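Examination of the molecular architecture
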Amino acid sequence: MSVQEQSSEESGGASAEEPAPAGAHPRSLAEDLRARDDSSLSALLRARPDLITPVPTDLTQLATRAGTRASVIRALERLDRFALQTAEALAVAPEPAPYGTLQDLLAGDAGDPVVVEALPRAVAVLREQALVWGSDDRLRLVRTARELLAPSPQHPSPTGLGPTVAEATAGMSPGRIQELLTAAGLPTTHDAVSATESLTALFTDRARMSALLDSAPPDSIEVLSRLVWGPPYGQVTADPAPRLRWLLDRGLLLPTAPGTVVLPREVALHLRAGRAHRKTEPLPPPVEPTSVHRPQVVDSTAAGQAYTALATVEELLKDWDEGGPSVLRAGGLSVRDLKRTAVALDVPEPVAAFWVELAYAAGLLATDGEADERYAATPAYDEWLELPAAERWARLATAWLSATRTAGVVGGRDTKERTLAALGPGLDRSAAPEVRHRVLSLLAALPEGGSTSPDAVVARLHWERALRGAASTDDLRSRIARWTLTEAESLGITGRGALSAHGRALLGAPPGAPAPAPASASAPAAGAVAGAGAGPGDKLPVHHHRPLHHHPAPAPEPRSPAETASAAALAGRLLAPLLPEPLDHVLLQADLTAVAPGPLRRPLADVLDVLADVESKGGATVYRFTPGSVRRALDAGRSASDLQAFLAAHSRTPVPQPLAYLIDDVARRHGHLRIGAASAYVRCDDDAVLNEIIADKRSQGLRLRRLAPTVLAAQADPATLLEGLRAMGFAPAAESAEGDVLITRAHAHRTPPRTAPEPVPDGPPSPDTTLLGAAIRAIRAGDLASTTPRKPAAPGAAGSGPSGGGRNGPLPRTTPAETLATMQAAVLTGGTLWIGYVNAEGAASQRVIAPVRVEGGFVTAYDHTADEVRTYPLHRVTGVAELADEQA
């Protein structure tokens with residue numbers, strides 16, 4: 001439905017409507033909004049930020065925008081289950097519906113006390129979001145929402161109800177309707193309208209309807225029981241069975257099309273005992289702790305995971321230090337490269353995709369932009385490495401919390417059935433940040449150290465966003481919630497499924513704050529869960545109690561960058577004491593290994609990464625020294641004496657003799673052979689070594705020939721020759737054209753400066769308090785300009801036609817002399833004027849101003865529309881009109 005097609009009852013039609021008298025029922029949504037205070041309008045614009053983009057000119061335009069299809073669908077998607085059920089009940093209720101009728105539809109004839117207690121909140125939510133308007137005795141659902149939620153053959157209602165008797169008999173002949181009355185034991189009437197009303201009255205009268213159904217054959221009641229909860233439509237043959245004929249004759253089933261019948265809404269409601277829904281859910285599913293651990297155990301476990309997360313990201317980017325995998329033509333990592341990365345990190349491929357995406361979201365990884373484009377670390381990675389461990393973790397956790405890129409969808413298919421690749425396009429899911437915040441907030445509401453099941457979290461999210469999750473138990477929000485629980489554990493935000501102290505700080509919750517008080521006075525305090533006198537184990541007895549929140553949590557205020565940075569800094573300070581201190585020593589062992597009993601300081605770790613190979617990781621890292629690793633250190637410019645001194649300085653044990661022998665042996669042979677560029681050559685002072693090389697069958701592929709007693713020439717290039725001789729067990733060294741030994745250090749490859757990917761917003765951002773205040777002032781001022789009565793123009797004056805003096809006719813038109821005289825008079829009397837104004841872009845608008853000064857072709861005035869003092873060129877004022885005396 002277009003904006004122009006909205007009914008005048010909702011938008012107020014032309015804004016020329018007179019304001020409703022005080023105490024009268026609002027006649028439109030615009031009038032309803034006009035009666036609200038600023039705090040109520042702020043709540044509306046905060047809940048539906050799309051209404052403020054751009055800022056409406058007045059309340060009539062705001063009401064019209066609030067009734068557009070896209071905006072209403074967005075608002076319905078953000079309702080909790082009970083608020084949505086309330087809107088669905090209103091969609092099947094008579095319009096306008098008294099509050100009592102709505103309550104009967106939700107609470108049923110028995111009057112469920114829990115529903116009765118929860119209903120005022122649900123109605124208040126719908127009112128706040130401008131989906132419902134009117135007083136309690138005349139509740140109206142906005143027309144677009146009614147069209148979306150009301151039952152129809154093409155779009156069945158979630159209530160399972162069908163059309164009313166009046167709707168189902170709209171095309172029925174008057175004679176047939178009279179036959180229905182007679183069969184039902186009712187007197188005939190003079191017209192079809194009164195006949196329909198008589199039949200409706202019968203079906204809505206509990207006593208008479210019960211008597212009618214008591215006389216029905218059991219088989220007919222069984223037919224009704226099949227249709228009562230929906231779908232209400234059924235198929236019949238041209239010659240219905242007696243059980244169907246009995247129902248058709250009395251209007252308990254009504255034909256809608258050849259071969260199709262429907263159960264009227266009034267009949268279904270009687271059979272349901274007045275309930276619009278089979279299961280009304282006024283309260284959210286409880287999120288209760290399944291186990292409670294000691295907070296110290298949770299924090300230490302989370303800290304261990306945080307350390308592992310830092311080590312994993314460092315290992316990933318160190319592996320790509322000289323340039324990572326190539327970028328696919330369509331963007332992203334190939335499946336093969338992701339598998340290689342998973343093997344290098346010793347994790348499954350989905351976990352490897354998570355770490356790769358996390359480094360990318362934190363701005364530590366990007367494409368280098370070269371012709372042969374590859375992934376590499378960014379300059380920000382080097383800055384990140386210099387930070388303390390806790391600050392590095394806080395940066396990763398903050399990036400994860402706000403990122404819309406979702407690693408869990410890697411390997412899935414997009415809308416064009418293309419595989420989604422890690423680091424590729426199509427991974428943004430705008431709902432991810434909100435779901436992550438909400439999942440962690442639910443954990444924060446548990447008793448300190450409490451963990452819960454993923455199913456309980458998913459069920460709660462389904463209740464809080466009913467429309468989005470109604471189609472499937474495996475919808476996107478549910479999957480993101482499960483991924484969030486896994487990823488938070490991997491990052492060290494949670495430990496053993498419970499939120500850690502630094503995780504709470506990251507959310508902005510005070511560390512150690514108790515869980516929110518339960519809504520019911522009968523619910524035990526959160527502190528009662530951790531019973532006194534617990535033993536030394538980490539698990540404590542769990543007391544099952546009512547949910548900690550009976551009402552959905554309001555949407556959090558958007559945090560400013562400063563608030564986010566402050567929360568991250570606090571989380572880092574809480575985590576820092578729990579992380580192991582970096583060590584400056586290792587334990588050298590006689591089996592050519594070194595054991596690092598904890599994390600190593602960076603200079604020591606960097607040298608060991610070159611001098612030895614990592615054999616195993618965990619609480620303690622084991623490095624193994626091999627001839628190849630020692631040669632790697634020598635190639636990097638280290639001498640044997642340097643290596644011996646370094647190990648002696650950083651080992652708590654003496655350097656074992658086998659390790660000293662290994663270093664000296666490799667160093668003695670290192671550089672004995674020299675390789676340079678002829679195509680390539682080998683030179684050695686010991687011709688016996690050259691004879692050994694030529695005699696070795698493995699050298700045949702190098703096509704060597706002797707040029708001199710100490711020189712061999714090769715057809716291969718120097719790099720191939722170097723690798724070939726190393727594979728034969730020699731330790732050659734490359735040399736320059738001047739004959740100097742080349743030092744081969746690994747050169748880190750970095751991208752140009754890159755910014756982290758921007759999250760994709762889930763609709764317009766929630767406005768802050770400053771913007772809301774300015775927007776409401778502008779809307780109210782514009783509403784004043786559009787609704788304040790004006791004095792009628794003098795007969796014969798410009799703009800004095802049928803609509804010339806009206807509030808919403810054409811802009812006022814007066815001559816320049818009349819405009820100037822009226823302005824000057826208003827300055828002397830302090831009057832308020834209505835003007836038409838055309839800005840420099842040619843856009844026309846109407847304004848209410850109080851002139852202060854007129855001089856030099858300009859008027860300075862207080863503009864009620866903008867709520868500020870402005871100066872306008874008089875030549876851009878189309879005309880001026882005075883306001884009515886009682887409004888001036």
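Source: prediction; values computed, not measured. (Residues numbered from 1 in each chain as written. Predicted model: local features only at pLDDT ≥ 70, side-chain atom pairs only at ≥ 80, totals over all residues. Heavy atoms only, no water.)

Moving on, we get to the overall build of the chain. Along the chain, the regular secondary structure elements total 34 helices and 26 strands. The burial tally for the chain puts 47% of its 888 residues in the buried class. Total accessible area computed for the chain in this model is approximately 40900 Å², and 55% of it derives from carbon and sulfur atoms. (Helix = DSSP H or I, 4+ residues; strand = E, 2+ residues; numbered from the N terminus. Buried < 20%, exposed > 50% of the residue type's maximum accessible area, 1.4 Å probe, protein only. Areas by Shrake-Rupley, 256 points an atom, 1.4 Å probe, with all protein chains shown as cover.)

With that out of the way, let us pick up the environment of Thr378. Topologically, Thr378 is positioned in the loop between strand E8 (375–377) and helix H20 (379–385). With relative accessibility at 1%, the residue Thr378 sits in the buried group. If we ignore the near neighbours within four places in the chain, the residues touching Thr378 are Gly363, Leu364, Leu365, Ala366, Arg750, Thr751 and Arg754. Of the polar contacts made by the side chain of Thr378, one reaches the backbone oxygen of Gly363; its length is 2.7 Å. (Contact = heavy atoms within 4.5 Å. Polar contact = N/O pair within 3.5 Å; in protein donor to acceptor, adjacent residues only side chain to side chain.)

What follows is about the sheet that holds strand E4 (residues 254–257). Strand order in the open sheet formed by three strands is E3-E5-E4, and the pairing between neighbours is antiparallel. Looking at which strands have only one partner, the edges of the open sheet turn out to be strand E3 (233–235) and E4. Pairs of neighbouring strands in the sheet enclose a mean axial angle of 40°, with direction left out of account. Pairing analysis gives three bridges linking E3 to strand E5 (residues 260–262), with the strands arranged antiparallel. Bridged to Tyr233 within E5 is Val262. (Pairing = 2+ DSSP bridges. Axes fitted to C-alpha atoms, helices over the stretch in contact; angles between N-to-C directions.)

Glancing now at helix H22 (residues 432–444). The terminal C-alpha atoms of H22, which comprises 13 residues, lie 18 Å apart, in line with the 18 Å expected from a rise of 1.5 Å per residue. Among the 13 residues that make up H22, 10 are buried, leaving the element largely enclosed by the rest of the structure. What H22 keeps buried is the set Ala432, Pro433, Val435, Arg436, Arg438, Val439, Leu440, Leu442, Leu443 and Ala444. In this structure, the buried side of H22 is in contact with helix H21 (389–402), helix H23 (454–464), helix H24 (476–491), strand E10 (494–495), strand E11 (498–499) and helix H25 (501–507). (Expected span 1.5 Å × (residues − 1).)

The subject of this paragraph is the sheet that holds strand E14 (residues 593–596). Spatially, E13-E14-E16-E15 is the arrangement adopted by the four strands of the open sheet, whose pairing is antiparallel. Each edge of the open sheet carries a strand with a single partner, namely strand E13 (587–589) and strand E15 (613–616). Taken over all neighbouring pairs, the strand axes of this sheet differ in orientation by 30° on average, direction set aside. With four bridges joining them, E14 and strand E16 (residues 621–624) adopt antiparallel strand pairing. Counterpart to Val595 in the pairing with E16 is Val622.

With an omega of -5°, the peptide bond running from Thr53 to Pro54 counts as cis. Assignment of secondary structure puts Pro54 in the loop between helix H3 (38–47) and helix H4 (59–66). For the peptide bond that leads from Glu95 to Pro96, omega is -5°, which places it in the cis range. The phi angle at Ala273 is positive, at roughly 60°, despite the residue not being glycine.

Moving on, we come to the packing of H21 against H24. One way to put it is that H21 packs onto H24 with a least axis distance of 11 Å and a crossing angle of 170°. By the angle between their directions, the pair H21 and H24 is classed as roughly antiparallel. Contacts between H21 and H24 involve Trp393, Leu396, Ala397 and Trp400 from the first element and Thr484, Glu487, Ala488 and Leu491 from the second. Among the residues forming the contact of H21 with H24, the class breakdown is six nonpolar, one polar and one charged. (Parallel < 35°, antiparallel > 145°, perpendicular 65-115°, else oblique. Nonpolar A, V, L, I, M, F, W, Y, C, P; charged D, E, K, R; others polar.)

On to the packing of aromatic side chains, then. Under the defined criterion, the tally for this structure stands at four aromatic pairs. Ring centres of Phe354 and Trp355 lie 4.9 Å apart, and the angle between their planes is 55°; on these two criteria the pair is classed as tilted. Sitting over the face of the ring of Trp384, Arg392 holds its NZ or CZ atom 5.5 Å from the ring centroid. Arg638 extends its terminal NZ or CZ atom over the ring of Phe646, reaching a point 5.8 Å from the ring centre. (Phe/Tyr/Trp six-rings, centres within 6.5 Å; stacked < 30°, edge-to-face > 60°. Lys NZ or Arg CZ within 6 Å of the ring centre and 35° of its normal.)

Before going further, it helps to spend a moment on the pattern of salt bridges. Taken as a whole and judged by the stated rule, the model has 35 salt bridges. Across the pair Glu464 and Arg438 runs a salt bridge whose closest N-O atoms are separated by 2.7 Å. A residue pair is termed long-range when its members are at least 10 positions apart, and Glu464 in helix H23 and Arg438 in helix H22 qualify at 26 residues. Residue classification places Glu464 among the buried residues on the basis of a relative accessible area of 5%. (Salt bridge = Lys/Arg side-chain N within 4 Å of Asp/Glu carboxyl O.)

Before going further, it helps to examine the nonpolar core. If you look at the biggest cluster of nonpolar residues, it comprises 88 residues, and the most contacted ones within it are Phe203, Leu252 and Leu253. Looking at this core element by element, the count peaks at eight residues for helix H6 (residues 81–92). Aside from chain neighbours lying at most four places away, what touches Phe203 is Val165, Met209, Leu212, Arg250, Gly251, Leu252, Glu266, Val267 and His270. (Core = buried A, V, L, I, M, F, W, Y, C linked by side-chain atoms within 4.5 Å.)

Once that is clear, we can look at the side chain of Thr86. Mapped onto the secondary structure, Thr86 falls in helix H6. A polar side-chain atom of Thr86 sits 2.8 Å from the main-chain carbonyl oxygen of Phe82. Sequence-distant contacts of Thr86, defined by excluding residues within four places in its chain, comprise Leu102, Leu106, Leu119, Ala122, Val123 and Leu126.

The next thing to look at is the environment of Ala719. By secondary structure assignment, the location of Ala719 is in helix H32 (residues 718–727). Taking relative accessible area as the criterion, Ala719 reaches 48% and is therefore assigned partly exposed. Expressed as a C-alpha distance, the spacing of Ala719 and Ala734, which sit 15 residues apart in the sequence, is 8.5 Å.

Structurally, Thr878 can be placed in strand E26 (residues 877–882). Judged by its relative accessible area of 12%, Thr878 falls in the buried class. Those residues within four positions of Thr878 in sequence are excluded, and the remaining contacts are Leu811, Pro812, Arg813, Thr814, Gly836, Tyr837 and Val838.

This part is about the packing of helix H14 (residues 218–227) against helix H15 (residues 242–249). Taken N-terminus to C-terminus, the directions of H14 and H15 make an angle of 75°; their axes are 8 Å apart at the nearest point. With respect to each other, H14 and H15 are oriented roughly perpendicular. Facing Asp219, Ser220, Glu222, Val223, Leu224 and Arg226 of H14, the residues of H15 in contact are Arg243, Leu244, Trp246 and Leu247. Split into classes, the residues belonging to the contact of H14 with H15 amount to five nonpolar, one polar and four charged.

Those residues of helix H5 (residues 69–77) that fall on the buried side of the exposure criterion are Ser71, Val72, Ala75 and Leu76. Seen from one end, H5 has its buried residues packed into an arc of 135°, which puts them on one side. Next to the buried residues of H5 lie H4, H6 and helix H9 (143–149). (Arc of directions from axis to C-beta.)

Predicted coordinates in areas of low pLDDT are best not read in detail. When pLDDT is averaged along the chain, the result is 83; 85% of the residues meet or exceed 70. Within the model, pLDDT remains below 50 along residues 1–8, and this stretch shows 13 contacts once partners closer than five positions in the same chain are excluded. Note that residues 13–17 has pLDDT below 50 and, in this model, 15 contacts with residues that lie over four places away or in other chains. (pLDDT = per-residue confidence, 0-100.)

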